[in-house]
Amino acid sequence: MKKNNIAIILLLMIATTVATAQNSDRKVINRHPFSLGIAMGATSFDMTPADDNEHFMPGYRPELDLCYTYRFSSQWGLRIGLGLSYCQSTYKAEQITLSSTEFHPYPIDYSRTAAFVDERYHILQLELPLMALWQNNRFFAAFGVRGVLPIQQLGRYCYNNITSSAYIPQQGTSIANSNAMDCGLTREYRGETPESPLDGRFWIMGSAEIGYSFYSLGKTPSTVSLCVDYSFNSWNVSDDIVSSSPLVESDNGYPLRHHYGSPLSCGQVNPFHCLNVALRYSFSF
């Protein structure tokens, strides 16, 4: 019995020592759980299905984030955070044909072809990353998901070289060049979208990061990494428009004048995914 008691006491002492050491190690590992990150990169949108006449051009995307990392061991951890990003991108289209029927008071079928359409927009976004973190010596990798919520957007768009023609079925008459009917060649039309959230564009993105850890400014734990995000979900603009905004409207005056809406706001654009690529620097504190 005495030997058994001694053995039990020794085992308890060893277990207590190991647990204390693990807690001590974890305190050392989690000595700098918070980090501030600055990223600079590009964002773009991947259209599906692809169309040769329209596409998105990449734009810049700076980001600032504050993260908290909880480490389970010297190699594994979990990182959560809150970020703010500002992105700019451009939608371009060529030879886009728009058709509509109007009543003045009889029906008139209009056909318009824009030689070139350009829409540029700026979006302020709130980002919520949740990443699993692996580290070995100086190198690390992170993978997980990122939720991206738009806060505010501003867009400007331009139609160039619009050619319009009209057909009046009741009279069997075609009109190709008439100022009164707003037919013929219109060189340019410019417009702006109101400053408001982009309804429906909440991205759920797969996120991956690979980088290198080092000490900067003496003893500040720092990292530099390459980050890539791609959305799991696509955004179909037309599905999010409750009361469909017409792409072309007339003012019903005389002579007639037509006003053109934003392609992105009116559901003219095909569904698309979001793609981000960035170089990120962060330091822990």
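These numbers come from a predicted model, not from an experiment.

(A) Molecular detail of the environment of S250. As for its placement among the helices and strands, S250 is situated in strand β11 (residues 248-250). S250 sits 68 residues away from D182 along the chain, and the two C-alpha atoms are 9.5 Å apart. With residues near it in sequence (within four places) discarded, S250 still touches E102, H104, L256, R257 and H258.

(B) Representation of the confidence of the model for the chain within the structure. Put simply, the chain has an average pLDDT of 83, and 83% of its residues get 70 or more. Confidence, read as mean pLDDT per element, is least for helix α1 (residues 2-29) in the chain (48) and greatest for strand β3 (residues 59-71) (95). Across residues 17-28, where pLDDT falls below 50, the model places three contacts with residues more than four positions away in sequence or in other chains.

(C) Looking closely at the pairing of strand β5 (residues 107-136). Where strand β4 (residues 76-103) meets β5, 25 bridges bridge the pair, whose relative direction is antiparallel. Bridging from a neighbouring strand, E102 pairs with I108 of β5. Linking β4 to β5, which pair antiparallel, is a turn of three residues. One ladder, built from 27 bridges, connects β5 with strand β6 (residues 139-168); its direction is antiparallel.

(D) Highlighting unusual backbone geometry. With a phi angle near 55°, N137 is a residue other than glycine that sits in the positive phi range. Counting through the fold element by element, N137 comes out in the loop between β5 and β6. Residue N137 is classed as exposed on the basis of its relative accessible area, which comes to 69%. The phi torsion at D182 lies on the positive side, around 55°, for a residue other than glycine. Among the secondary structure elements, D182 is positioned in the loop between β7 (173-175) and β8 (184-192). For D182, a relative accessible area of 14% translates into the label buried.

How each quantity is defined
Residues numbered from 1 in each chain as written. Predicted model: local features only at pLDDT ≥ 70, side-chain atom pairs only at ≥ 80, totals over all residues. Heavy atoms only, no water. Helix = DSSP H or I, 4+ residues; strand = E, 2+ residues; numbered from the N terminus. Contact = heavy atoms within 4.5 Å. pLDDT = per-residue confidence, 0-100. Pairing = 2+ DSSP bridges. Buried < 20%, exposed > 50% of the residue type's maximum accessible area, 1.4 Å probe, protein only.

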